[in-house]
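# Chain and residue survey
Okay, here's what each chain looks like letter by letter:
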Amino acid sequence: MITKEAVAAAPAPAPAAPAPTRPGKKRPAWDEVPRWQIYLPLGIYLVFTLIPFYWILLFAVRPAGSTSLVPWPITTEHFEKVWTDRGFGTYFTNSVYVGLATLVMTTLVALAGGYALARFDFKIKRVFMLALLCSQFVPGALLLVPLFEIFAGLQMINSLGSVIIAETVFQLPLSIILISNFIKNVPYSLEEAAWVDGCGRFRAFRIVVLPLLRPGLIAVGSFAFVHSWNHFLFALMFLNNQHKQTIPVGLNSLMSADSVDLGALAAGGIVAAVPVVIVFAFIQKWLITGFSAGAVKG
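Computed from a predicted model, the values in this text were never measured in an experiment.

What counts, and where the lines are drawn
- Residues numbered from 1 in each chain as written.
- Predicted model: local features only at pLDDT ≥ 70, side-chain atom pairs only at ≥ 80, totals over all residues.
- Heavy atoms only, no water.
- Helix = DSSP H or I, 4+ residues; strand = E, 2+ residues; numbered from the N terminus.
- Buried < 20%, exposed > 50% of the residue type's maximum accessible area, 1.4 Å probe, protein only.
- Contact = heavy atoms within 4.5 Å.
- Polar contact = N/O pair within 3.5 Å; in protein donor to acceptor, adjacent residues only side chain to side chain.
- Axes fitted to C-alpha atoms, helices over the stretch in contact; angles between N-to-C directions.
- Parallel < 35°, antiparallel > 145°, perpendicular 65-115°, else oblique.
- Left-handed = near helix turned anticlockwise from the far one by under 90°.
- Nonpolar A, V, L, I, M, F, W, Y, C, P; charged D, E, K, R; others polar.

### Topic: the overall build of the chain
The helix and strand inventory of the chain stands at 13 helices and zero strands. Reading the secondary structure of the chain in the N-to-C direction produces α-α-α-α-α-α-α-α-α-α-α-α-α. In the chain, which comprises 298 residues, the proportion classed as buried is 34%. A separation threshold of at least 6 residues defines the contact pool for the chain, and within that pool the share at least 24 residues apart is 72%.

### A word on the side chain of asparagine 94
Mapped onto the elements of the fold, asparagine 94 is located in helix H4 (residues 88–119). Of note is the side chain of asparagine 94, whose polar atom sits 3.0 Å from the backbone oxygen of histidine 243.

### Here we look at the packing of helix H8 (residues 188–196) against helix H9 (residues 201–212)
With their axes 9 Å apart at the nearest point, H8 and H9 run at an angle of 140° to one another. On the basis of the axis angle, H8 is oblique to H9. H8 and H9 meet at a crossing whose hand is right-handed. Residues Tyr188, Leu190, Glu191, Ala194 and Trp195 of H8 form the contact with H9, whose own contacting residues are Arg201, Ala204, Val208, Val209 and Leu212. Taken together, the residues of the contact of H8 with H9 sort by class into eight nonpolar, no polar and two charged.

Now the structure itself:
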C-alpha cells in the first residue's frame, strides 16, 4: 500500500526535453513576416515613385520631336535653351540668393525667439505660443494683400528683399517652436555652470548651448531654404522685372495658353530639383538627428 509519505518523498518528474532542431537553423517566430511580403509593396511603391522622375529625365535629354522611350541619342539642347535663352541662369542666381538669405534670417531670429521661449517665463508666454501655432493655419495667399501694401509703402516692390522678408515671416512661427524644443532638451545646469565660471549669458549660450543645437539649426535652416527655393506665390506677386524672378516663376513662364515646350519644361524642372536633392543628400544625417532630438520632451 502506497502511503501519503511515500508519494510526498517521491522525486518530481523531470521536465520534458525540447524537441531537437536542426543545427544552424533558427526556429521561425509565429509572427515573422516573409521577406517577399515586405519587398513586394516597397518595390511597387519605388516603381511608381521613380517613373515620374524617369519621364521628366526622358523629355529633358531626348531630341525634340522624338517619341522614343529610351533617351538615345542624348542631347543637351533643352538645358542650353532654358539656361541661356530663357534666362534660367539669372533665375538660378536669384533663387540661391533668396534661399540663403532666408535661411540665415530665419535661423537667427528663430534662435533668439526660441531661446526666449525656452529659458524665460513671462505673462503672455502661453498666448504667444498659441498665436504661433494658430498662424500655421493661415494660408500664404491671405498674406499677399497686406504684405503688398507694406512693401509698396516701403518701395520694396520688385526687390528680392521683399521676397526674403515675406519668406522669413512665413517660416518663423514653426521655426521658433522647433528651436525652443531643441533648447529645452539642453540641461539648464550647463549654462549655470558656465555662469559660475565667469561667463555671461550670451557667452555661455555661444560656448555651451549653441554647439549642441547644430542638428536642430541644420534641420530648421534646410527647411527654410527648400521652402523659399520652391515657393512660387510671393515671387510672382512681388517681382515684376524678369531679371528679378526666381526659378518657380521661370518654370511658369515656359507654359503658355497655346503650347507647352515639354523639353524645356523638363530641363528647367531638373535644374530646379538638383540643388534640393544635393542639399538633402548632404544633411540627411543631421536632419534625422535634429528632428529626433526635437521630438523628445525636455
